[in-house]
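Overview (structure and organization)
Listed below, chain by chain, are the residues.
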Amino acid sequence: MPDRDESPARERPAPAAHRRAHQTAHDLERYADLFAQRTRAMRSSAMRDLMAITARPEVISLAGGLPDTSTFPPASFAAQMTRIAQESAAEALQYGPTEGFDQMKSAIREVMAAEGMAPDPRDIVVTTGGQQAIDLITKTLVDPGDVVICEAPTYPGAVPVFCSYEAETHQVEMDDDGMRVDELEALLDRLSAAGRRPKFVYSVPSFQNPAGVTLSAERRRRLVELARKREVLVIEDNPYGLLRFEGEPQPPLYQLDGGDYVVYIGTLSKILSPGIRLGWMVAPPPVMEKIVLGKQATDLCTSTLSQYFAVEFFAEDRWRSYIDSLRDLYRSRRDAMLEALEHQFPAQATWTTPEGGLFVWATLPPYIDTSDLLAKALRENVAFVPGAAAYVDGTRGANSMRLNFSGSDEDEIREGIRRIGKVIDEQVGLYETITGEHRLPGATDAGSETADVLPLRRRRREG
Ligand SMILES: Cc1ncc(COP(=O)(O)O)c(C=O)c1O
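A quick note: this is a predicted structure, and the numbers were derived from the prediction, not measured.

**Concerning the overall build of the chain**
For the chain, the helix and strand inventory stands at 15 helices and 14 strands. Expressed as a percentage of its 463 residues, the buried residues of the chain come to 51%. Pairs at least 24 apart in sequence give 77% of the contacts found in the chain among residues at least 6 apart. Split by element, the accessible area of the chain, about 21,800 Å² in all, is 51% carbon and sulfur.

Encoded structure:
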């Protein structure tokens with residue numbers, strides 16, 4: 001009998017790294033019958049995929065939705081964690097209630113009060129980020145084939161959720177004032193005529209991700225009226241409401257509705273830290289009961305340590321000034337991006353002018369596919385999110401892109417936009433050479449049949 005060293009190499013299991021690198025179609029087939037049906041509908045998150053590439057230090061990433069966590073004072077972080085270690089180590093390292101700690105809910109109520117909302121603490125569940133809230137709501141309400149409605153474009157991180165639960169997703173167009181509520185109403189009519197009742201309408205009304213636009217006060221009222229009249233749940237996802245740089249704050253849908261038909265999602269990711277993974281949801285008691293069952297099955301409870309950290313942070317009562325500092329920082333970065341866009345993007349391009357939040361949505365001539373453009377941009381060490389990621393069919397939005405201005409400093413933003421502008425210019429030049437077509441400066445594609453994405457006016461800023 002040969003000793004181990006003499007056995008043929010191919011009989012020994014290959015090291016994991018080698019196996020991963022040499023995975024073949026045959027290897028994949030081996031597991032294919034094991035996968036649940038629903039995995040066929042699963043889609044990868046464009047932003048998550050991009051994160052691996054954009055983590056390279058030479059890449060300027062305008063792709064992620066990263067807040068600037070370097071602004072959080074390390075000394076405060078150390079003091080808060082030290083206090084936890086000294087005063088409540090055992091509790092902070094223990095499991096906690098599925099709904100979240102009462103002190104955490106008090107902090108959440110303070111944050112919501114800053115936008116005029118006053119939920120009952122019993123209607124709040126603390127979640128592992130807003131993302132988990134979207135997942136739990138969909139898990140709780142949606143059977144395969146059920147109708148879900150969202151904006152066009154929608155939050156790219158919601159797309160994989162709706163796909164995973166095999167929802168039939170309809171997207172309602174937007175303009176400068178957010179979702180076209182008249183189009184929503186027409187869609188509800190069509191669905192109702194076909195005997196179908198949507199499970200919910202998902203909306204990011206303030207400084208929408210990805211479009212940067214905000215639902216007007218009038219449309220907010222109309223949307224809430226519609227929800228009540230048609231008995232349709234509206235999911236209000238509001239990570240950015242407190243990050244307003246200018247203009248009048250708009251009332252949250254939850255405030256207008258009082259919490260009967262509006263389920264609210266909040267998060268500390270953009271006003272404190274995404275690394276602590278703390279979000280929450282406010283829902284009417286019967287919905288909440290099911291959501292809590294879903295959460296028990298998913299992760300038992302949200303990180304106790306993170307909740308302790310957040311409670312310490314809010315106890316210091318500096319959270320408002322911290323948000324003020326973020327607002328100032330992001331306002332300057334937005335301005336740097338808008339100015340760079342004016343100089344570096346071609347005349348045919350349009351983009352939104354957000355009054356807050358983290359994103360600008362730019363639309364290019366319809367013959368440019370931003371997924372192809374991204375490959376070229378990455379060669380120039382710059383990244384953005386291609387618009388198709390914000391559409392459930394994966395094809396609309398092909399000539400648009402989401403640009404983030406919170407995660408890079410002003411010089412990086414200017415340089416990043418310059419590099420993207422350069423690859424766009426190359427594409428425009430190529431198109432004009434091939435077609436012999438030369439566009440007049442300032443000509444836009446608004447009204448073109450293929451321009452099926454947010455046809456936003458180009459707004460020039462005053463001053
Ligand atoms: C609209 C929206 N919802 C939810 C999330 C998820 O955030 P988190 O899970 O970090 O709270 C994001 C993150 O960018 C977002 O923009």
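**Regarding the sheet that holds strand β2 (residues 124-127)**
Pairing is mixed across the open sheet formed by eight strands, whose spatial order is β2-β9-β8-β7-β6-β3-β4-β5. The strands lining the two open edges of the sheet, one partner per strand, are β2 and β5 (178-179). Inspection of the sheet shows β2 paired to strand β9 (residues 279-282) by four bridges, in the antiparallel sense. Looking across to β9, one finds that threonine 127 is bridged to glycine 279. Packing of helix α5 (residues 102-113) onto the sheet brings it into contact with β2, β8 (262-267) and β9, and relative to β2 it is tilted by some 100°. Each of β2, β6 (200-203), β7 (233-237), β8 and β9 is contacted by helix α6 (residues 129-141), which is oriented at about 150° to β8, the strand it contacts most.

**Brief notes about the environment of arginine 122**
Within the fold, arginine 122 resides in the loop between α5 and β2. Here arginine 122 falls in the exposed class, since its relative accessible area comes to 67%. Taking the C-alpha atoms as reference, arginine 122 lies 8.7 Å from glutamate 99; in sequence the two are 23 residues apart. There is a polar contact of 2.7 Å between the side chain of arginine 122 and the side chain of aspartate 120.

**What to know about the packing of aromatic side chains**
One pass over the full model with this rule turns up 15 aromatic pairs. Consider the rings of tyrosine 367 and tyrosine 431, whose centres lie 3.4 Å apart with planes at 5°: the pair is stacked. Highlighted residues: tyrosine 367 in the loop between β11 (359-363) and α14 (370-379) and tyrosine 431 in helix α15 (residues 410-435), separated in sequence by 64 residues. Residue classification places tyrosine 431 among the partly exposed residues on the basis of a relative accessible area of 22%. Feature note: the residues Phe72, Phe77, Phe309, Phe313, Phe314, Trp319 and Tyr322 constitute an aromatic cluster, connected by ring pairs.

**Things to note about the sheet that holds strand β13 (residues 385-386)**
A sheet is described by the order of its strands in space; here four strands give the open sequence β10-β11-β14-β13, paired in antiparallel fashion. The two strands at the open ends of the sheet, each matched to only one other strand, are β10 (350-351) and β13. Pairing analysis gives two bridges linking β13 to strand β14 (residues 400-404), with the strands arranged antiparallel. Looking at the pairing, proline 386 lines up with methionine 401 of β14.

**Brief notes about a nonpolar patch on the surface**
A cluster of nonpolar residues, Tyr31, Leu34 and Phe35, forms a patch on the protein surface that exposes about 370 Å² of accessible area. Counting through the fold element by element, phenylalanine 35 comes out in the loop between α2 (25-32) and α3 (46-54). Assessed through its relative accessible area of 53%, phenylalanine 35 is described here as exposed.

**A word on the side chain of glutamine 208**
Topologically, glutamine 208 is positioned in the loop between β6 and α9 (217-230). Accessibility expressed as a relative area gives 0% for glutamine 208, which makes it buried. Within the structure, the side chain of glutamine 208 is placed 2.8 Å from the backbone nitrogen of alanine 211, a separation counted as a polar contact. Apart from the residues lying within four places of it in its own chain, the contact partners of glutamine 208 are Glu151, Pro153, Thr154, Met174, Val213 and Phe359.

**Topic: the packing of α14 against α15**
Interaxial distance between α14 and α15 falls to 9 Å at its minimum, and their mutual angle equals 130°. Regarding the angle of α14 to α15, the classification is oblique. For the pair α14 and α15, the crossing hand works out as right-handed. Of α15, the residues touching α14 (which contributes Leu373, Lys376 and Ala377) are Val423, Ile424 and Gln427. Looking at the contact of α14 with α15 residue by residue, the classes come out as four nonpolar, one polar and one charged.

**Focus on the packing of helix α13 (residues 319-344) against α15**
Viewed as axis vectors pointing N to C, α13 and α15 meet at an angle of 25°, and their least axial separation amounts to 9 Å. The angle between the axes of α13 and α15 places the two elements in the roughly parallel class. At the point where α13 passes α15, the crossing takes the right-handed sense. On the side of α13, the interface is formed by Ser332, Arg333, Ala336, Met337, Ala340, Leu341 and Gln344, while α15 contributes Glu410, Ile413, Arg414, Ile417, Arg418 and Gly421.

**Quick notes on α6**
Taking 1.5 Å as the rise per residue, α6 with 13 residues should run 18 Å; its terminal C-alpha atoms sit 19 Å apart, in good agreement. Listed as buried for α6 are Gly129, Gly130, Gln132, Ala133, Ile134, Leu136, Ile137, Thr138 and Leu141.

**Description of unusual backbone geometry**
The omega torsion of the bond from alanine 152 to proline 153 falls at 5°, within 30 degrees of zero and hence cis. Here proline 153 shows up in the loop between β3 (147-152) and α7 (159-164). Cis geometry marks the peptide bond from asparagine 209 to proline 210; its omega dihedral reads 15°. If you trace the backbone, proline 210 turns up in the loop between β6 and α9. Positive phi, normally seen in glycine, also occurs at glutamate 166, with a value near 60°. Inspection of the secondary structure assignment puts glutamate 166 in the loop between α7 and β4 (168-175). Overall, glutamate 166 belongs to the partly exposed group, its relative accessible area being 29%.

What counts and how
- Residues numbered from 1 in each chain as written.
- Predicted model: local features only at pLDDT ≥ 70, side-chain atom pairs only at ≥ 80, totals over all residues.
- Heavy atoms only, no water.
- Helix = DSSP H or I, 4+ residues; strand = E, 2+ residues; numbered from the N terminus.
- Buried < 20%, exposed > 50% of the residue type's maximum accessible area, 1.4 Å probe, protein only.
- Contact = heavy atoms within 4.5 Å.
- Areas by Shrake-Rupley, 256 points an atom, 1.4 Å probe, with all protein chains shown as cover.
- Pairing = 2+ DSSP bridges.
- Axes fitted to C-alpha atoms, helices over the stretch in contact; angles between N-to-C directions.
- Polar contact = N/O pair within 3.5 Å; in protein donor to acceptor, adjacent residues only side chain to side chain.
- Phe/Tyr/Trp six-rings, centres within 6.5 Å; stacked < 30°, edge-to-face > 60°.
- Patch = residues over 30% accessible without salt bridge, like charges linked within 9 Å, V, L, I, M, F, W, Y side chains within 5 Å.
- Salt bridge = Lys/Arg side-chain N within 4 Å of Asp/Glu carboxyl O.
- Parallel < 35°, antiparallel > 145°, perpendicular 65-115°, else oblique.
- Left-handed = near helix turned anticlockwise from the far one by under 90°.
- Nonpolar A, V, L, I, M, F, W, Y, C, P; charged D, E, K, R; others polar.
- Expected span 1.5 Å × (residues − 1).

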